[in-house]
Amino acid sequence: MDSSADRITDVWGERTPYAPGTRWPSRTDTHLAAGLGERDVERWVQAASLLHSNGDAMDVAVREGRIVGVRGRAADRVNRGRLGPKDLYGRQANASPDRLTRPLVREDGLLVESDWDTAMNRITAHILHLLDERGPGSIGFYTTGRLFLEEYYTLAVLARAGIGTWRRSS
């Protein structure tokens, strides 16, 4: 797929028809930062899309230590090289000037930058406080609606067995 393709009007890209009984043809979708070609990529890093549960195989383009694009992996049995809009454009969030790179904690009503240990210790302390004061029903999980059955099961085990039976030891 050409990086200049209009994926707004043609979200999934060109069709790749095939005859009944034949293998779904591969197609390597690629999207690189403006002005870059494959020759400008220093290395390709194998990855899988985490933006949905399919786990589409992809390669991440790296230049000067930064993500500059993606391409599908044609040999993958799930996506056969095709990348959807989330896969193609999701990497742009990594370079956004609005992206947080450090945790924020509230100090006197204002959000201020913190280190990870401080932020995680505050979260842990708050969870323990909620469990002591209100019990395990005070804790909830916010997840995607695209988990696999096994992932929902694991989450339920954590919620019911881990948190649901929690009691502070003396």
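Residues numbered from 1 in each chain as written. Predicted model: local features only at pLDDT ≥ 70, side-chain atom pairs only at ≥ 80, totals over all residues. Heavy atoms only, no water.

Chemist: Can you break down a nonpolar patch on the surface residue by residue, with the values?
Modeler: A surface patch of nonpolar side chains, about 410 Å² in accessible area, is lined by Trp116, Met120, Ile123 and Ile127. Relative to the helices and strands, isoleucine 123 is located in helix α2 (residues 116-134). (Patch = residues over 30% accessible without salt bridge, like charges linked within 9 Å, V, L, I, M, F, W, Y side chains within 5 Å. Areas by Shrake-Rupley, 256 points an atom, 1.4 Å probe, with all protein chains shown as cover. Salt bridge = Lys/Arg side-chain N within 4 Å of Asp/Glu carboxyl O. Helix = DSSP H or I, 4+ residues; strand = E, 2+ residues; numbered from the N terminus.)

Chemist: I'd like a rundown of the pairing of strand β3 (residues 57-63), residues and numbers included.
Modeler: Within a regular beta strand, the side chains point alternately toward one face of the sheet and then the other, so they alternate between its two faces. Buried residues dominate β3, accounting for six of its seven residues. Note that strand β2 (residues 43-48) and β3 share six bridges and pair antiparallel. Counterpart to glutamine 46 in the pairing with β3 is aspartate 59. As defined by bridge partners, β3 adjoins strand β4 (residues 66-72) across six bridges and the pair is classed as antiparallel. Residue pairing across strands places valine 60 opposite valine 70, the latter belonging to β4. Where β3 folds back on β4, the antiparallel hairpin that results is connected by two residues, among which glutamate 64 adopts a positive phi of roughly 55°. (Buried < 20%, exposed > 50% of the residue type's maximum accessible area, 1.4 Å probe, protein only. Pairing = 2+ DSSP bridges.)

Chemist: Requested: an account of the nonpolar core, with residues and values cited.
Modeler: In summary, soluble globular proteins display a tendency toward joint burial of nonpolar side chains. Formed by Met58, Val60, Val62, Val70, Leu83 and Leu88, the largest nonpolar core amounts to six residues. In terms of residues, this core owes the most to one element, β3, which gives three residues. In contact with valine 70, other than residues within four places in its own chain, are Asp29, Thr30, His31, Leu32, Trp44, Met58, Asp59, Ala61, Leu83, Asp87, Leu88 and Arg91. (Core = buried A, V, L, I, M, F, W, Y, C linked by side-chain atoms within 4.5 Å. Contact = heavy atoms within 4.5 Å.)

Geometry only, nothing functional implied.
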